[in-house]
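The lines below spell out each chain.
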Amino acid sequence: MDVCPRIEIDLSKIRANTQVLVDRCKNAGIQVAGVTKVFCAVPQVAEAMVEGGINMLADARLENFGKIAHIPIQKLLLRLPMISQAEKVVSLVDISLNSEIATIKKLSEASIKQGKVHKIILMIDLGDLREGIWSDQIHTTIKEITQLEGVQLVGIGTNLTCYGGVIPNPTNLGQLVNIAMEIEDTFQIRMEIISGGNSSSLYLLERGEMPKAINHLRLGESIVLGRETAFGEPISGTYQDAFTLIAEIVELKEKPSVPIGEIGMDAFGNKPVFEDHGIRKRAILAIGRQDVSVNNLIPKDEKISILGASSDHLIVDVTDSLKEYSVGDEVAFDIEYGALLQLMTSEYVFKKIK
Ligand SMILES: *Cc1c(COP(=O)(O)O)cnc(C)c1O
(Lines give C-alpha, C1' and ligand atoms only; values in the text may rest on other atoms or scores of the structure.)
Protein backbone atom coordinates (compact mmCIF):
# COMPACT_ATOMS: atom_id res chain seq x y z
CA MET A 1 0.00 0.00 0.00
CA ASP A 2 1.10 3.56 -0.64
CA VAL A 3 2.12 6.03 2.02
CA CYS A 4 -0.69 8.07 3.64
CA PRO A 5 -1.56 10.88 3.65
CA ARG A 6 -0.48 11.48 0.09
CA ILE A 7 -1.24 13.74 -2.78
CA GLU A 8 -1.44 12.01 -6.14
CA ILE A 9 -0.39 14.09 -9.11
CA ASP A 10 -1.50 13.01 -12.56
CA LEU A 11 1.08 14.41 -14.96
CA SER A 12 -0.92 13.52 -18.07
CA LYS A 13 -3.72 15.80 -16.83
CA ILE A 14 -1.26 18.63 -16.16
CA ARG A 15 0.11 18.19 -19.69
CA ALA A 16 -3.38 18.15 -21.17
CA ASN A 17 -4.55 21.23 -19.23
CA THR A 18 -1.42 23.12 -20.22
CA GLN A 19 -1.90 22.25 -23.86
CA VAL A 20 -5.49 23.50 -23.88
CA LEU A 21 -4.57 26.82 -22.28
CA VAL A 22 -1.37 27.41 -24.23
CA ASP A 23 -3.24 26.77 -27.50
CA ARG A 24 -6.13 29.07 -26.58
CA CYS A 25 -3.75 31.82 -25.58
CA LYS A 26 -1.55 31.33 -28.63
CA ASN A 27 -4.57 31.88 -30.86
CA ALA A 28 -5.01 35.25 -29.18
CA GLY A 29 -1.31 36.14 -29.50
CA ILE A 30 -0.66 35.53 -25.81
CA GLN A 31 2.40 33.88 -24.29
CA VAL A 32 1.79 31.89 -21.10
CA ALA A 33 4.14 31.83 -18.14
CA GLY A 34 3.43 28.55 -16.30
CA VAL A 35 3.24 29.31 -12.58
CA THR A 36 4.84 26.62 -10.40
CA LYS A 37 4.43 28.05 -6.89
CA VAL A 38 1.24 26.22 -5.90
CA PHE A 39 3.02 22.87 -6.33
CA CYS A 40 6.32 24.12 -4.87
CA ALA A 41 7.95 23.71 -8.29
CA VAL A 42 8.09 19.90 -8.14
CA PRO A 43 10.32 19.37 -11.20
CA GLN A 44 8.22 16.60 -12.82
CA VAL A 45 5.13 18.82 -12.77
CA ALA A 46 7.05 21.77 -14.19
CA GLU A 47 8.39 19.45 -16.91
CA ALA A 48 4.84 18.34 -17.71
CA MET A 49 3.94 22.00 -18.18
CA VAL A 50 6.82 22.40 -20.60
CA GLU A 51 5.74 19.27 -22.50
CA GLY A 52 2.32 20.89 -22.71
CA GLY A 53 3.82 23.89 -24.52
CA ILE A 54 4.98 26.31 -21.81
CA ASN A 55 8.09 28.30 -22.76
CA MET A 56 8.41 30.42 -19.61
CA LEU A 57 8.18 29.23 -15.98
CA ALA A 58 7.25 31.56 -13.13
CA ASP A 59 7.43 31.29 -9.36
CA ALA A 60 7.21 33.59 -6.36
CA ARG A 61 10.04 32.05 -4.35
CA LEU A 62 13.70 31.94 -5.24
CA GLU A 63 14.21 28.56 -3.54
CA ASN A 64 11.87 27.00 -6.07
CA PHE A 65 13.98 28.10 -9.04
CA GLY A 66 16.75 25.82 -7.82
CA LYS A 67 14.46 22.84 -8.45
CA ILE A 68 13.74 23.80 -12.06
CA ALA A 69 17.15 25.21 -12.96
CA HIS A 70 17.76 22.26 -15.34
CA ILE A 71 14.80 23.22 -17.54
CA PRO A 72 16.29 25.40 -20.27
CA ILE A 73 13.57 28.04 -20.69
CA GLN A 74 13.03 31.59 -19.41
CA LYS A 75 12.32 32.00 -15.69
CA LEU A 76 10.19 34.79 -14.25
CA LEU A 77 10.15 35.83 -10.59
CA LEU A 78 6.59 36.77 -9.58
CA ARG A 79 7.02 38.23 -6.12
CA LEU A 80 8.80 41.56 -5.98
CA PRO A 81 12.48 40.80 -5.28
CA MET A 82 13.92 41.38 -1.83
CA ILE A 83 16.84 43.78 -1.94
CA SER A 84 18.72 41.32 0.26
CA GLN A 85 18.38 38.70 -2.51
CA ALA A 86 19.25 40.88 -5.51
CA GLU A 87 22.36 38.86 -6.36
CA LYS A 88 20.48 35.55 -6.25
CA VAL A 89 17.62 36.96 -8.32
CA VAL A 90 20.00 37.90 -11.08
CA SER A 91 21.77 34.55 -11.01
CA LEU A 92 18.60 32.39 -10.84
CA VAL A 93 16.01 34.14 -13.01
CA ASP A 94 15.94 36.03 -16.30
CA ILE A 95 13.03 38.36 -15.62
CA SER A 96 11.39 39.77 -12.51
CA LEU A 97 8.25 41.76 -11.74
CA ASN A 98 9.19 45.03 -10.02
CA SER A 99 7.67 48.15 -8.52
CA GLU A 100 10.50 49.72 -6.46
CA ILE A 101 13.28 51.73 -8.05
CA ALA A 102 15.55 51.07 -5.03
CA THR A 103 15.30 47.34 -5.76
CA ILE A 104 15.80 47.77 -9.50
CA LYS A 105 19.00 49.71 -8.76
CA LYS A 106 20.29 46.77 -6.71
CA LEU A 107 19.37 44.37 -9.51
CA SER A 108 21.28 46.61 -11.88
CA GLU A 109 24.39 46.54 -9.67
CA ALA A 110 24.18 42.77 -9.30
CA SER A 111 23.75 42.28 -13.06
CA ILE A 112 26.74 44.44 -13.89
CA LYS A 113 28.79 42.42 -11.42
CA GLN A 114 27.66 39.13 -12.93
CA GLY A 115 28.04 40.34 -16.50
CA LYS A 116 24.35 39.80 -17.20
CA VAL A 117 21.36 41.77 -18.36
CA HIS A 118 18.36 41.25 -16.09
CA LYS A 119 14.94 41.92 -17.56
CA ILE A 120 12.37 44.01 -15.74
CA ILE A 121 8.60 44.01 -16.02
CA LEU A 122 7.27 47.09 -14.25
CA MET A 123 4.09 46.37 -12.32
CA ILE A 124 1.25 48.86 -12.52
CA ASP A 125 -1.45 48.87 -9.83
CA LEU A 126 -4.81 49.19 -11.60
CA GLY A 127 -6.78 49.15 -8.38
CA ASP A 128 -6.43 45.75 -6.73
CA LEU A 129 -4.02 47.35 -4.23
CA ARG A 130 -1.42 44.65 -4.10
CA GLU A 131 1.85 45.32 -5.93
CA GLY A 132 2.46 47.97 -8.56
CA ILE A 133 3.21 51.64 -9.00
CA TRP A 134 0.46 54.18 -9.13
CA SER A 135 -0.07 55.81 -12.53
CA ASP A 136 1.37 59.19 -11.50
CA GLN A 137 4.74 57.54 -10.82
CA ILE A 138 5.13 55.81 -14.17
CA HIS A 139 7.12 58.42 -16.05
CA THR A 140 9.67 59.19 -13.34
CA THR A 141 10.17 55.49 -12.62
CA ILE A 142 10.71 54.55 -16.25
CA LYS A 143 13.09 57.41 -16.78
CA GLU A 144 15.20 56.13 -13.91
CA ILE A 145 15.12 52.52 -15.09
CA THR A 146 16.22 53.43 -18.59
CA GLN A 147 19.26 55.19 -17.18
CA LEU A 148 20.45 52.04 -15.38
CA GLU A 149 22.88 49.57 -16.88
CA GLY A 150 22.51 45.82 -16.43
CA VAL A 151 18.74 45.93 -16.49
CA GLN A 152 16.39 46.12 -19.44
CA LEU A 153 12.79 47.22 -19.19
CA VAL A 154 10.97 44.66 -21.35
CA GLY A 155 7.42 45.45 -20.46
CA ILE A 156 4.71 46.26 -17.96
CA GLY A 157 2.23 44.11 -16.14
CA THR A 158 -0.54 44.10 -13.62
CA ASN A 159 -1.99 41.81 -11.01
CA LEU A 160 -5.68 41.70 -10.20
CA THR A 161 -8.14 39.58 -8.17
CA CYS A 162 -5.51 38.83 -5.53
CA TYR A 163 -5.90 41.27 -2.65
CA GLY A 164 -8.79 43.51 -3.59
CA GLY A 165 -10.69 40.97 -5.65
CA VAL A 166 -10.86 43.42 -8.57
CA ILE A 167 -11.90 41.57 -11.73
CA PRO A 168 -9.95 42.23 -14.94
CA ASN A 169 -12.08 43.77 -17.68
CA PRO A 170 -11.64 45.57 -20.99
CA THR A 171 -11.46 48.90 -19.11
CA ASN A 172 -8.69 48.19 -16.62
CA LEU A 173 -6.68 46.02 -19.00
CA GLY A 174 -7.30 48.60 -21.72
CA GLN A 175 -5.73 51.11 -19.37
CA LEU A 176 -2.65 48.89 -19.13
CA VAL A 177 -2.41 48.78 -22.92
CA ASN A 178 -2.71 52.57 -23.14
CA ILE A 179 0.04 53.00 -20.58
CA ALA A 180 2.28 50.68 -22.63
CA MET A 181 1.63 52.69 -25.81
CA GLU A 182 2.36 55.94 -24.01
CA ILE A 183 5.64 54.56 -22.72
CA GLU A 184 6.62 53.42 -26.22
CA ASP A 185 5.87 56.86 -27.64
CA THR A 186 7.50 58.88 -24.88
CA PHE A 187 10.64 56.82 -24.35
CA GLN A 188 11.04 55.20 -27.76
CA ILE A 189 11.40 51.75 -26.20
CA ARG A 190 9.47 48.67 -27.21
CA MET A 191 7.14 47.09 -24.67
CA GLU A 192 7.77 43.46 -25.64
CA ILE A 193 5.63 42.11 -22.83
CA ILE A 194 2.26 43.42 -21.70
CA SER A 195 1.38 41.01 -18.94
CA GLY A 196 -2.36 41.07 -18.31
CA GLY A 197 -2.59 39.15 -15.07
CA ASN A 198 -3.28 35.64 -13.81
CA SER A 199 -5.98 32.98 -14.19
CA SER A 200 -8.66 35.57 -13.45
CA SER A 201 -8.03 37.19 -16.87
CA LEU A 202 -8.85 34.07 -18.88
CA TYR A 203 -12.60 34.61 -19.01
CA LEU A 204 -11.96 37.67 -21.20
CA LEU A 205 -10.45 35.38 -23.84
CA GLU A 206 -13.51 33.15 -23.89
CA ARG A 207 -15.74 36.20 -24.31
CA GLY A 208 -13.50 37.72 -26.96
CA GLU A 209 -13.03 40.77 -24.73
CA MET A 210 -9.29 40.60 -24.12
CA PRO A 211 -7.63 43.81 -25.33
CA LYS A 212 -5.56 42.80 -28.38
CA ALA A 213 -2.24 44.17 -27.20
CA ILE A 214 -2.20 42.00 -24.07
CA ASN A 215 0.38 39.38 -25.05
CA HIS A 216 1.33 37.65 -21.80
CA LEU A 217 -0.48 35.94 -18.91
CA ARG A 218 0.85 34.22 -15.80
CA LEU A 219 -1.22 31.09 -15.25
CA GLY A 220 -1.15 28.83 -12.20
CA GLU A 221 -4.54 27.70 -10.91
CA SER A 222 -6.07 27.44 -14.39
CA ILE A 223 -3.38 24.96 -15.43
CA VAL A 224 -3.21 22.86 -12.28
CA LEU A 225 -6.91 22.86 -11.33
CA GLY A 226 -8.58 23.66 -14.67
CA ARG A 227 -10.40 26.64 -13.22
CA GLU A 228 -10.57 30.33 -14.11
CA THR A 229 -10.52 32.50 -11.02
CA ALA A 230 -12.64 35.56 -11.77
CA PHE A 231 -15.83 33.53 -11.25
CA GLY A 232 -14.43 30.14 -10.21
CA GLU A 233 -15.76 28.32 -13.28
CA PRO A 234 -14.19 25.12 -14.64
CA ILE A 235 -12.46 25.67 -17.99
CA SER A 236 -13.93 23.62 -20.84
CA GLY A 237 -11.67 20.82 -22.03
CA THR A 238 -9.56 20.73 -18.87
CA TYR A 239 -9.34 18.42 -15.86
CA GLN A 240 -10.13 19.68 -12.35
CA ASP A 241 -8.65 16.60 -10.68
CA ALA A 242 -4.98 16.48 -11.60
CA PHE A 243 -4.32 16.46 -7.84
CA THR A 244 -6.04 14.11 -5.38
CA LEU A 245 -5.58 13.86 -1.63
CA ILE A 246 -5.72 10.41 -0.03
CA ALA A 247 -5.96 9.99 3.76
CA GLU A 248 -6.36 6.89 5.89
CA ILE A 249 -9.04 6.03 8.45
CA VAL A 250 -7.56 5.48 11.91
CA GLU A 251 -10.82 5.28 13.86
CA LEU A 252 -14.36 4.43 12.80
CA LYS A 253 -17.11 4.54 15.42
CA GLU A 254 -20.72 5.45 16.02
CA LYS A 255 -20.97 8.43 18.35
CA PRO A 256 -23.43 11.18 19.23
CA SER A 257 -23.28 14.33 17.10
CA VAL A 258 -23.14 16.66 20.11
CA PRO A 259 -20.25 16.53 22.60
CA ILE A 260 -21.05 15.63 26.19
CA GLY A 261 -20.09 18.14 28.88
CA GLU A 262 -19.62 21.87 29.14
CA ILE A 263 -18.36 23.35 25.83
CA GLY A 264 -15.26 25.53 26.15
CA MET A 265 -12.82 26.33 23.38
CA ASP A 266 -11.50 23.95 20.74
CA ALA A 267 -7.79 23.47 19.96
CA PHE A 268 -7.76 26.71 17.91
CA GLY A 269 -9.47 29.02 20.38
CA ASN A 270 -12.92 28.91 18.79
CA LYS A 271 -16.05 27.94 20.63
CA PRO A 272 -17.68 25.24 18.50
CA VAL A 273 -21.42 24.90 17.95
CA PHE A 274 -23.16 21.60 17.25
CA GLU A 275 -26.49 20.46 15.87
CA ASP A 276 -28.00 17.25 17.12
CA HIS A 277 -28.35 14.70 14.32
CA GLY A 278 -28.43 11.72 16.69
CA ILE A 279 -25.90 8.91 16.57
CA ARG A 280 -23.65 9.07 13.49
CA LYS A 281 -20.87 6.92 12.08
CA ARG A 282 -17.69 8.99 12.21
CA ALA A 283 -14.29 8.31 10.76
CA ILE A 284 -11.09 9.94 11.93
CA LEU A 285 -8.53 10.41 9.15
CA ALA A 286 -4.83 10.82 9.79
CA ILE A 287 -4.40 14.34 8.46
CA GLY A 288 -5.12 17.68 10.10
CA ARG A 289 -4.87 21.40 10.19
CA GLN A 290 -1.11 21.25 10.39
CA ASP A 291 -1.28 20.01 6.78
CA VAL A 292 -4.34 21.68 5.30
CA SER A 293 -7.31 23.94 5.96
CA VAL A 294 -10.01 21.33 5.72
CA ASN A 295 -12.68 23.70 4.35
CA ASN A 296 -10.90 23.52 0.99
CA LEU A 297 -11.25 19.75 0.68
CA ILE A 298 -14.11 18.07 -1.18
CA PRO A 299 -14.68 14.36 -0.48
CA LYS A 300 -14.89 12.37 -3.74
CA ASP A 301 -17.54 10.23 -2.04
CA GLU A 302 -20.40 12.74 -2.16
CA LYS A 303 -22.14 11.05 0.77
CA ILE A 304 -19.30 11.93 3.13
CA SER A 305 -19.31 15.25 4.96
CA ILE A 306 -16.47 16.94 6.81
CA LEU A 307 -17.27 17.57 10.49
CA GLY A 308 -14.08 19.31 11.53
CA ALA A 309 -10.42 18.93 12.26
CA SER A 310 -7.74 19.49 14.84
CA SER A 311 -4.00 19.66 14.20
CA ASP A 312 -3.61 16.02 13.23
CA HIS A 313 -7.13 14.58 12.97
CA LEU A 314 -9.80 15.12 10.34
CA ILE A 315 -13.26 13.94 11.37
CA VAL A 316 -15.76 12.98 8.67
CA ASP A 317 -19.32 11.65 8.81
CA VAL A 318 -19.66 8.47 6.74
CA THR A 319 -23.13 7.43 7.95
CA ASP A 320 -24.84 8.08 4.60
CA SER A 321 -22.13 6.61 2.39
CA LEU A 322 -23.04 3.67 0.18
CA LYS A 323 -19.60 2.24 0.86
CA GLU A 324 -18.89 0.15 3.98
CA TYR A 325 -15.71 1.76 5.29
CA SER A 326 -13.28 0.00 7.63
CA VAL A 327 -10.34 1.16 9.70
CA GLY A 328 -7.32 1.29 7.39
CA ASP A 329 -9.38 2.28 4.32
CA GLU A 330 -8.38 5.25 2.22
CA VAL A 331 -10.62 8.26 1.61
CA ALA A 332 -10.05 10.49 -1.43
CA PHE A 333 -10.61 14.25 -1.77
CA ASP A 334 -10.63 16.82 -4.52
CA ILE A 335 -8.64 19.89 -3.58
CA GLU A 336 -9.18 23.63 -3.92
CA TYR A 337 -6.34 26.08 -4.47
CA GLY A 338 -5.70 27.02 -0.83
CA ALA A 339 -5.60 23.39 0.23
CA LEU A 340 -3.32 22.42 -2.63
CA LEU A 341 -0.85 25.13 -1.63
CA GLN A 342 -0.74 23.85 1.95
CA LEU A 343 -0.66 20.15 1.11
CA MET A 344 2.20 20.56 -1.35
CA THR A 345 4.10 22.56 1.27
CA SER A 346 3.50 20.08 4.13
CA GLU A 347 6.43 17.74 4.61
CA TYR A 348 4.02 15.27 6.23
CA VAL A 349 2.14 14.71 2.98
CA PHE A 350 3.76 12.26 0.55
CA LYS A 351 3.81 13.38 -3.08
CA LYS A 352 3.03 10.55 -5.47
CA ILE A 353 3.63 11.34 -9.11
CA LYS A 354 1.72 9.28 -11.65
C1 LIG B 1 0.53 33.54 -8.11
C2 LIG B 1 0.66 34.56 -9.14
C3 LIG B 1 0.12 34.35 -10.42
C4 LIG B 1 -0.66 33.10 -10.79
O5 LIG B 1 -1.97 33.20 -10.30
P6 LIG B 1 -3.08 32.08 -10.66
O7 LIG B 1 -4.34 32.65 -10.14
O8 LIG B 1 -2.67 30.84 -9.96
O9 LIG B 1 -3.08 31.93 -12.13
C10 LIG B 1 0.31 35.33 -11.37
N11 LIG B 1 0.96 36.48 -11.08
C12 LIG B 1 1.48 36.73 -9.86
C13 LIG B 1 2.18 38.01 -9.62
C14 LIG B 1 1.34 35.79 -8.85
O15 LIG B 1 1.86 36.04 -7.64
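Our subject is the structure listed above.
Residues numbered from 1 in each chain as written. Predicted model: local features only at pLDDT ≥ 70, side-chain atom pairs only at ≥ 80, totals over all residues. Heavy atoms only, no water.

**Regarding the nonpolar core**
And step 1. Grouped together as the largest cluster of nonpolar side chains are 93 residues, with contacts concentrated most on Phe39, Phe243 and Leu343.
And step 2. Setting aside its immediate chain neighbours within four residues, Leu343 contacts Ile7, Leu245, Ile287, Asp291, Val292, Leu297, Ile335, Val349 and Lys351.
And step 3. Counting 13 residues, the second largest nonpolar core, distinct from the first, contains Ala58, Leu97, Ile121 and Met123. (Core = buried A, V, L, I, M, F, W, Y, C linked by side-chain atoms within 4.5 Å. Buried < 20%, exposed > 50% of the residue type's maximum accessible area, 1.4 Å probe, protein only. Contact = heavy atoms within 4.5 Å.)

**Observations concerning unusual backbone geometry**
And step 1. With an omega of -10 degrees, the peptide bond between Cys4 and Pro5 qualifies as cis.
And step 2. Within the fold, Pro5 resides in the segment before strand 1 (6–9).
And step 3. Notably, Ala41 is not glycine yet its phi reads approximately 55 degrees, a positive angle.
And step 4. Turning to its location among the elements, Ala41 is positioned in the loop between strand 2 (31–35) and helix 2 (43–51).
And step 5. By relative accessible area, which is 0% here, Ala41 ends up buried.
And step 6. We note that Gln188 has phi near 55 degrees; this positive angle belongs to a residue other than glycine.
And step 7. By the secondary structure assignment, Gln188 is in the loop between helix 7 (170–187) and strand 8 (193–195). (Helix = DSSP H or I, 4+ residues; strand = E, 2+ residues; numbered from the N terminus.)

**Focus on the site of the ligand**
And step 1. In the vicinity of the ligand, 14 residues are found, and the nearest of them are Lys37, Ser199, Arg218, Gly220 and Glu221.
And step 2. The side chain of Ser199 places a nitrogen or oxygen atom 2.5 Å from an oxygen atom of the ligand.
And step 3. Arg218 places a polar side-chain atom, nitrogen or oxygen, 2.8 Å from a nitrogen atom of the ligand.
And step 4. Look at the ligand: alone it shows 390 Å² of surface, and the protein chains cover 93% of it.
And step 5. Partitioning the shell around the ligand into residue classes produces five nonpolar, four polar and five charged. (Near = heavy atom within 4 Å. Polar contact = N/O pair within 3.5 Å; in protein donor to acceptor, adjacent residues only side chain to side chain. Areas by Shrake-Rupley, 256 points an atom, 1.4 Å probe, with all protein chains shown as cover. Nonpolar A, V, L, I, M, F, W, Y, C, P; charged D, E, K, R; others polar.)

Without other data, these values stay purely geometric and don't point to any function.
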